Amino acid sequence: MRIKSKVLIIAGSDSSGGAGIQADIKTVTSLGSYAMTAITAVTSQNSTGVKSIFPVSPSEITKQIEFTSKDIRPDAIKIGMLSNAKVINTILRSLKKIKVKKIILDPVMVAKGGARLIDKKSIKVLKNKLIKEVTLITPNIPEAQILINQKINSKNDMIKAGKKLIKKGAKNVLIKGGHLKLETAYDILLQKNKIFIFKNRKIKSKYTHGTGCTLSSAIATYYSCGKSLKKSCEIAIKYVNQAIANAPKYGKGHGPINHLNSFNINKKFK
Ligand code: PXL
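Residues numbered from 1 in each chain as written. Predicted model: local features only at pLDDT ≥ 70, side-chain atom pairs only at ≥ 80, totals over all residues. Heavy atoms only, no water.

**Digging into the overall build of the protein**
How we decide: Numbering goes from the N terminus for both helices and strands, where a helix is a DSSP run of H or I of at least four residues and a strand is a run of E of at least two. When we talk radius of gyration, it's over C-alpha atoms, and the globule rule is simply 2.2 Å times the number of residues to the 0.38. Accessibility here uses a 1.4 Å probe with only protein chains present; expressed as a share of the type maximum, an area under 20% marks a residue as buried, one over 50% as exposed, and anything in between as partly exposed. A contact between two residues is defined here by any heavy atoms of the two lying within 4.5 Å. Every accessible area reported is derived by Shrake-Rupley at a probe size of 1.4 Å, with residue values counting cover from the shown protein chains alone. The positive count covers Lys and Arg only, the negative count covers Asp and Glu only, and His and the chain ends enter neither. Throughout, a charge is located at the NZ atom of Lys, the CZ atom of Arg, the CG atom of Asp or the CD atom of Glu.
Broken down by element type, the protein carries nine helices and nine strands. Its C-alpha atoms give the protein a radius of gyration of 17 Å, near enough to 18 Å, the size a compact globule of 270 residues would have. Its C-alpha atoms give the protein principal-axis dimensions of about 45 × 40 × 40 Å. For the protein, buried positions account for 55% of its 270 residues. Restricting the contact set of the protein to residue pairs at least 6 apart, pairs at least 24 apart contribute 68%. Carbon and sulfur atoms form 54% of the exposed surface of the protein, whose accessible area is close to 12900 Å². Averaged over its 50 positive side-chain charges, the protein has a centre that lies 4 Å from the centre of its 14 negative ones.

**As for the state of the cysteines**
What counts, and what does not: Disulfides are defined in this document as cysteine sulfur pairs within 2.5 Å.
The final tally for this structure, using the stated rule, is zero disulfides. Cys 213 takes part in no disulfide bond, and the closest cysteine sulfur, belonging to Cys 233, lies 16 Å away. Judged by its relative accessible area of 14%, Cys 213 falls in the buried class. This cysteine, Cys 233, is not joined by any disulfide, and Cys 225 carries the nearest cysteine sulfur, 14 Å off.

**Some words on the site of the ligand**
Condition: Any residue with a heavy atom lying within 4 Å of a molecule or strand is counted as near it. In the analysis that follows, any N or O atom pair within 3.5 Å is treated as a polar contact, provided that within protein one partner can donate a hydrogen and the other can accept it, and provided that, for residues neighboring in sequence, both atoms belong to side chains. Throughout this entry, Asp, Glu, Lys and Arg are counted as charged residues, while Ala, Val, Leu, Ile, Met, Phe, Trp, Tyr, Cys and Pro are counted as nonpolar. The remaining residues, Gly among them, count as polar.
Taken together, the residues surrounding the ligand are Gly 12, Ser 13, Asp 14, Ala 19, Gly 20, Gln 45, Met 81, Val 108, Ala 111, Leu 117, His 209 and Cys 213. Side-chain polar atom of Gln 45 to an oxygen atom of the ligand: 2.5 Å apart, as the coordinates give it. Surface burial for the ligand is 92%, taken as the share of its 310 Å² of free accessible area covered by protein chains. Here the shell around the ligand takes three residues from strand E1 (residues 6-14), the largest share from any one element. Here the residues of the shell around the ligand sort into six nonpolar, five polar and one charged.

**Remarks on helix H7 (residues 211-224)**
Formally: Working rule for helices: expected span equals 1.5 Å times residues minus one.
An ideal rise of 1.5 Å per residue puts 20 Å on 14 residues; H7 measures up with 20 Å between its terminal C-alpha atoms. Within H7, 14 of the 14 residues are buried, which leaves it mostly tucked inside the rest of the structure.

**Let's talk about the side chain of Asp 14**
Put simply, the test is: Salt bridge, as used here, is a side-chain nitrogen of Lys or Arg placed within 4 Å of a carboxyl oxygen of Asp or Glu.
Along the polypeptide, Asp 14 turns up in strand E1. One buried charged residue, Asp 14, remains without a salt bridge, the closest side chain of opposite sign being Lys 26 at 8.0 Å. For Asp 14, the side chain forms a polar contact with the main-chain nitrogen of Ala 19, separated by 2.8 Å. Once you skip the residues sitting within four places of it in the chain, Asp 14 turns out to touch Ala 19, Gly 20, Gln 22, Thr 43, Gln 45 and His 209.

**Observations regarding the nonpolar core**
To be explicit about the condition: Here, the term nonpolar core denotes a set of buried Ala, Val, Leu, Ile, Met, Phe, Trp, Tyr and Cys residues that are joined through side-chain atoms within 4.5 Å.
Counting 45 residues, the largest nonpolar core has Ile 10, Ile 77, Ile 79, Leu 82, Ile 91, Leu 130 and Ile 137 as the members making the most contacts within it. With seven residues, the top contributor of residues to this core is helix H3 (residues 85-98). With sequence-adjacent residues up to four places away left out, Leu 130 is seen in contact with Leu 82, Ile 88, Leu 92, Leu 95, Leu 105 and Val 125.

**Side note on the pairing of strand E9 (residues 195-201)**
Defined as follows: Two strands pair under a simple rule: DSSP has to find at least two bridges between them.
Bridge count between strand E8 (residues 184-190) and E9: seven bridges; the pairing is antiparallel. Within E9, the position partnered with Leu 189 by the bridge is Phe 196. Linkage of E8 to E9, two consecutive antiparallel strands, is achieved through a turn of four residues.

Below is the structure:
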């Protein structure tokens, strides 16, 4: 099989293998691309919760990003867990140096079980600096609420939130509506003057650990292969839905989804 593109993942490690950099590598690989990594933190966790978080120093993160990219140039970058403001500033400097254009940011804040994955000060830097420097941000509803300081209770509120984020300097925003208490999952992509609503039946499951990481990595992969941002979001959402529907039911808590379930998707969207 020919490898389609190269994706650099900047994110935290999840020892349970369902989220974080493990989910990212599995996603990029199963969709046919080459995954490279810069690890920002090491977490010890299982499906029932997060035991501890060990941050990697900013200088080690810089080296991973810059030394790796100098040799094998990424076609796109996916950014996940960032843990603190110093790390975000470090990454901003590296991004300016390596000049990769396609960057997808999943503004990770809290794990499924409620553990905080980023400190309060970093949210400010994320909001005021980082979101302006990336191609797309992919907040879920709780994250979007924090980013705009407002409650989101409906599809209409999601659109308003997206518009607000664009006004704040985000180039493109995909707000994931899975947290709304509806039978349908609405994921809304807002671009400068365009809005696309992706509508899918919500799959009820407790096996949803790592869905956000997986979605942003799938978008980064499709986008790195030359698909439009809209098409990349559309197919990536389908990939995650199938991965939820085919979850292996591992673990006592919020277990992982099935990242290997890409075959039909790739065939359909060739
Ligand atoms: O899903 C968000 C996330 C991101 N990164 C790491 C995680 C999690 C959730 O648990 O562990 C490392």
